[in-house]
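Listed here are the chains, written in short residue letters.
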Amino acid sequence: MRHPFSQQFPLLPVIVAVAIVAVALAGLGPRSVSRAQGSGVSPCVADYDKTVSPSTVNLGEGATITLRVRAVCPTPIVTRHIVLVLDATGSMTGTPRTLLIDAASEFVRGLRLARNPATRVGLVEFNDTARTLSPLTDDEGDLLAAIAGVGARAATRIDLGITQGLSVLRDGRNVRGPILEVMVLLGDGGNNAGCEPV
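Residues numbered from 1 in each chain as written. Predicted model: local features only at pLDDT ≥ 70, side-chain atom pairs only at ≥ 80, totals over all residues. Heavy atoms only, no water.

Engineer: I keep staring at the pairing of strand E6 (residues 130-137) and nothing clicks. Help me out?
Structural biologist: Strand residues, when the strand is regular, have side chains that alternate between the two faces of the sheet. In terms of strand pairing, strand E5 (residues 119-126) meets E6 through five bridges, oriented antiparallel. Following the sheet pairing, Val 121 is matched in E6 by Thr 137. Linking E5 back to E6 in an antiparallel pair, the connection comprises three residues. (Pairing = 2+ DSSP bridges. Helix = DSSP H or I, 4+ residues; strand = E, 2+ residues; numbered from the N terminus.)

In structure tokens, the structure reads:
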């Protein structure tokens, strides 16, 4: 025969147990987790959830309370610098130039720079010389306007285009943290003047 108190409050032990867990979890709310070594605070936060099984028990019955805790750490932001080196030689006159402009423009649009502030793009054009059309920027409009102005004249000096592209990448190395550097060369053939590119 059950005690009258237990008949009035059949879930009291579970309620007490849940209250204890709730108090414990209050101290485990999302917060920075101290580093195991060194000073400072980690950018990671504690994330947790809890389950009770079964959800209803009678006095004297057991219940399993499961608490899962994991550390959630943000992905480090990597700066991405991309330089497009565009062929502006005489062989690009007409359809090749149109295709180059379309491909470079689509590439820039596909980067969705407005949503990816850690990505910047620079532009270089080359023929028998090379020049920077745009330093590294996240301004899609400026990039598209510069791409549209790529010319088509003179001989092909890919080596100068690559050298100028490297210069644009070097100029962007004044940011903190890791940088992923990429050079994309768009053209229709090999050198016909100057040094062979590496």
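Engineer: Teacher, can you tell me more about the sheet that holds strand E7 (residues 179-186) here?
Structural biologist: Hydrogen bonding along the main chain pairs the strands of a sheet, whether they run parallel or antiparallel. With mixed pairing, four strands are arranged side by side in an open sheet as E6-E5-E4-E7. Two strands bound the open sheet, and with one partner strand each, they are E6 and E7. Adjacent strand axes in the sheet meet at a mean angle of 15° when their direction is disregarded. Relative to E5, strand E4 (residues 79-87) runs parallel, the two being bridged by eight bridges. Its bridge partner being in E5, Leu 86 is matched across the sheet by Glu 125. Each of E4 and E7 touches helix H3 (residues 95-110); the most contacted strand, E4, lies at about 175° to it. Lying on the sheet, helix H5 (residues 158-171) is in contact with E4, E5, E6 and E7; it crosses E7 at an angle near 155°. (Axes fitted to C-alpha atoms, helices over the stretch in contact; angles between N-to-C directions. Contact = heavy atoms within 4.5 Å.)

Engineer: Would you take a moment to explain the pattern of salt bridges for this structure?
Structural biologist: When their charged atoms lie close together, side chains carrying opposite charge are able to pair. For the structure shown, the criterion picks out six salt bridges. The closest approach of N and O atoms between Arg 109 and Glu 106, which form a salt bridge, is 3.9 Å. In this pair, Arg 109 and Glu 106 are both assigned in helix H3, three residues apart and thus about one turn of the helix distant. The closest approach of N and O atoms between Asp 159 and Arg 157, which form a salt bridge, is 2.8 Å. Here Arg 157 falls in the buried class, since its relative accessible area comes to 19%. (Salt bridge = Lys/Arg side-chain N within 4 Å of Asp/Glu carboxyl O. Buried < 20%, exposed > 50% of the residue type's maximum accessible area, 1.4 Å probe, protein only.)

Engineer: How should I be thinking about the packing of H3 against helix H4 (residues 140-148) in this particular structure?
Structural biologist: Running from N to C, H3 and H4 point in directions that differ by 170°, and their axes come no closer than 9 Å. It follows that H3 is roughly antiparallel to H4 by the angle criterion. Each of Arg 97, Ile 101, Ala 104, Ser 105, Val 108 and Arg 109 in H3 lies in contact with H4, whose residues at this interface are Glu 140, Leu 143, Leu 144, Ile 147 and Ala 148. Per-class residue counts for the contact of H3 with H4 are seven nonpolar, one polar and three charged. (Parallel < 35°, antiparallel > 145°, perpendicular 65-115°, else oblique. Nonpolar A, V, L, I, M, F, W, Y, C, P; charged D, E, K, R; others polar.)

Engineer: In this structure, what is going on with the nonpolar core? I would like to understand it.
Structural biologist: One recurring pattern in soluble globular proteins is that nonpolar side chains are buried together. Leu 84, Leu 86, Val 108, Leu 123 and Ile 147 are the most contacted members of the largest nonpolar core, which totals 18 residues. Those elements that provide at least two residues to this core are E4, H3, E5 and H4. Setting aside its immediate chain neighbours within four residues, Val 108 contacts Leu 84, Leu 113, Glu 140, Leu 143, Leu 144 and Ile 147. Core analysis: the second largest hydrophobic core is formed by eight residues, Phe 126, Leu 136, Ile 158 and Val 168 among them. (Core = buried A, V, L, I, M, F, W, Y, C linked by side-chain atoms within 4.5 Å.)

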